[in-house]
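Inside the fold
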Amino acid sequence: MPTITRRTAIAGLAAASATRLPARPRAADMLRVASTWDFGAAANDAAIARFRAGGSLIDALEAGARVPEADLANHSVGKGGYPDRDGRVTLDAVIMDDRGHVGAVAALEDIAHPISVARAVMERTPHTMLVGAGARQFALESGFTAEKLLTPEAEAEWRKWLRTSKYAPVANSENARAPLGGPLDHDTIGMIARAPDGALAGACTTSGMAFKLHGRVGDSPQVGSGLFVEAGVGAATATGLGEEVTRIAGTARVVSSLRAGMSPMAACREAVEHIAKLRGKALDGVQVGFLAIDRGGQVGAFAILPGFTYAVTGDDGRSTILKSASLRTA
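The name an unreviewed UniProt entry assigns to the protein chain is N(4)-(Beta-N-acetylglucosaminyl)-L-asparaginase, from the organism Sphingomonas hengshuiensis.

Glancing now at unusual backbone geometry. For Ala107, which is not a glycine, the phi torsion comes out positive at approximately 55 degrees. Given the relative accessible area of 15%, Ala107 is considered buried. Even without a glycine there, the phi angle at Phe211 is positive, about 65 degrees. Looking at where Phe211 falls in the secondary structure, it is placed in the loop between strand 6 (200–206) and strand 7 (227–230). The exposure class assigned to Phe211 is buried, which follows from its relative accessible area of 0%.

Per the counting criterion, the structure on display carries 17 salt bridges. Taking the shortest distance from any N to any O, the salt bridge between Arg119 and Glu123 comes out at 2.9 Å. One end of the pair is Arg119 and the other is Glu123, both in helix 4 (residues 114–124) and 4 residues apart, which spans about a single turn. Exposure remark for Arg119: the relative accessible area of 14% places this residue in the buried category. Between Glu157 and Lys160 there is a salt bridge, and its shortest N-O distance comes to 3.7 Å. With Glu157 and Lys160 both in helix 6 (residues 152–162) and 3 residues apart, the pair spans about one turn of that helix. Judged by its relative accessible area of 17%, Glu157 falls in the buried class. One network of salt bridges, in which partners are shared, links Arg50, Asp59, Glu62, Arg119 and Glu123.

Strands in a sheet are paired, the pairing made by backbone hydrogen bonds, and the direction either parallel or antiparallel. Strand order in the open sheet formed by 8 strands is 4-3-2-6-5-1-11-12, with mixed pairing between adjacent strands. Edge strands, defined here as strands with exactly one partner in the open sheet, are strand 4 (129–131) and strand 12 (319–323). Taking each pair of neighbouring strands and ignoring which way they run, the sheet shows an average axis angle of 10 degrees. Here strand 5 (residues 188–194) pairs with strand 6 via 7 bridges, running antiparallel. Looking across to strand 6, one finds that Ile189 is bridged to Thr205. Where helix 3 (residues 57–70) meets the sheet, its contacts fall on strand 2 (91–97), strand 5 and strand 6, and the angle it forms with strand 6 comes to roughly 20 degrees. Contacting strand 2, strand 3 (102–108), strand 4 and strand 6, helix 4 runs over the sheet at an angle of about 135 degrees to strand 3.

As recorded in UniProt, the sites labelled "binding site: substrate" (unreviewed entry) are Arg216, Val217, Gly218, Asp219, Thr239, Gly240, Leu241 and Gly242. For Asp219, the position within the fold is in the loop between strand 6 and strand 7. On the basis of relative accessibility, which here comes to 4%, the residue Asp219 falls in the buried class. Aside from chain neighbours lying at most four places away, what touches Asp219 is Ser225, Gly226, Ala238, Gly242, Val245 and Thr246. Note that Thr239 resides in strand 8 (residues 234–240). Within the structure, Thr239 has its side chain in polar contact with the side chain of Trp37 (distance 2.7 Å).

According to UniProt, the "active site" (unreviewed entry) feature falls on Thr188. Mapped onto the secondary structure, Thr188 falls in strand 5. A distance of 2.7 Å separates a polar side-chain atom of Thr188 from the backbone oxygen of Thr205.

With respect to burial, strand 9 (residues 288–294) is a largely interior element, 7 of its 7 residues being buried. Across the two faces of strand 9 the burial is the same, with Val288, Phe290, Ala292 and Asp294 and Gly289, Leu291 and Ile293 all buried. Examined bridge by bridge, strand 8 and strand 9 share 7 bridges and lie antiparallel to one another. When the sheet's bridge partners are listed, Thr239 is paired in strand 9 with Gly289. In the sheet, strand 9 pairs with strand 10 (residues 299–303) via 5 bridges, with the strands oriented antiparallel. When the bridges of strand 10 are listed, Ile293 appears paired with Val299. The antiparallel pairing of strand 9 with strand 10 creates a hairpin that spans 4 residues between the two strands, and Gly297 there sits at a positive phi of about 95 degrees.

Moving on, we come to the side chain of Arg194. Checked against the element boundaries, Arg194 lands in strand 5. Of the side chains with opposite charge, Asp294 comes closest to the buried, unpaired Arg194, at an N-O distance of 6.3 Å. Within polar-contact distance, the side chain of Arg194 engages the backbone oxygen of Arg295 at 2.5 Å.

The sheet built from 5 strands is open, its strands ordered 7-8-9-10-13 with mixed pairing. Whereas interior strands pair on both sides, the edge strands pair on one side only; in this sheet they are strand 7 and strand 13 (325–326). In the packing of helix 9 (residues 264–279) onto the sheet, contacts are made with strand 9, strand 10 and strand 13, and the angle to strand 10 comes to roughly 20 degrees.

Procedures and definitions
- Residues numbered from 1 in each chain as written.
- Predicted model: local features only at pLDDT ≥ 70, side-chain atom pairs only at ≥ 80, totals over all residues.
- Heavy atoms only, no water.
- Buried < 20%, exposed > 50% of the residue type's maximum accessible area, 1.4 Å probe, protein only.
- Helix = DSSP H or I, 4+ residues; strand = E, 2+ residues; numbered from the N terminus.
- Salt bridge = Lys/Arg side-chain N within 4 Å of Asp/Glu carboxyl O.
- Pairing = 2+ DSSP bridges.
- Axes fitted to C-alpha atoms, helices over the stretch in contact; angles between N-to-C directions.
- Contact = heavy atoms within 4.5 Å.
- UniProt positions renumbered as here; feature names shortened; annotations may be inferred.
- Polar contact = N/O pair within 3.5 Å; in protein donor to acceptor, adjacent residues only side chain to side chain.
- Lys, Arg positive; Asp, Glu negative; His and termini not counted.

Structure (structure tokens):
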């Protein structure tokens, strides 16, 4: 019979413990989700929960995007969004995977969850985008229910705005708490994710600029501007003043930089610096930010102005709010 020493006994106990305790998940085994702004944390949590319950990557992103869409306190996304200058709430959204599947809606009225309509466009039509009355008609024919989206609070802010009819967006007010989203600002939630098998996807949803011209569509639902995903490379989403993002097809540019070997943060910075060089003083007081994830799940962000925040899920499945680096200090 072999002699049992103290060292072999300890080794045996350690081995037994290892068989009883579950190994800590590796980053590569986790769903990694990143989204724009503080309110992205709740969206990330919903996405993680849906994925853990057996949902697909697209299921997870749709579930996450629906959280701010349903939040009446969030005035830059969904049902709580502020109207255009005619008092009409119009919503935009896009969803995309890394196999070229994409669906989007723009200037959609009376439907509370544009991200779900965008998914229906992707899965039920040969098209990639429907807009305005056509998007609404498609939604109703697909079983979505029409409802009034203009909330009493949003209507009150709109009527207050009508006194001067002045549009003056304030950078980063989507993180203000009085109220979240800000009556004079604009924005979106952009979500990007990497599944354990390496698949990539993204989603974006917004009510656009408060008090915009009726029919205005920003970068959010436009593939290559508000969102872009490429298999084996990465994904990117944008935030801030959409007109500036569309001028350079911002997210397509970020993903192109990832393809060239840049880190997510460096790729986002390159796009911001390009906009700054192109637009000069026209960007004074204007916020634009990019958020990217690479094929390995590394996340990075960069913005013109300080104040852009983003939420990232860690290896434990919990979301952390991070501050983006910025080109300017104020």
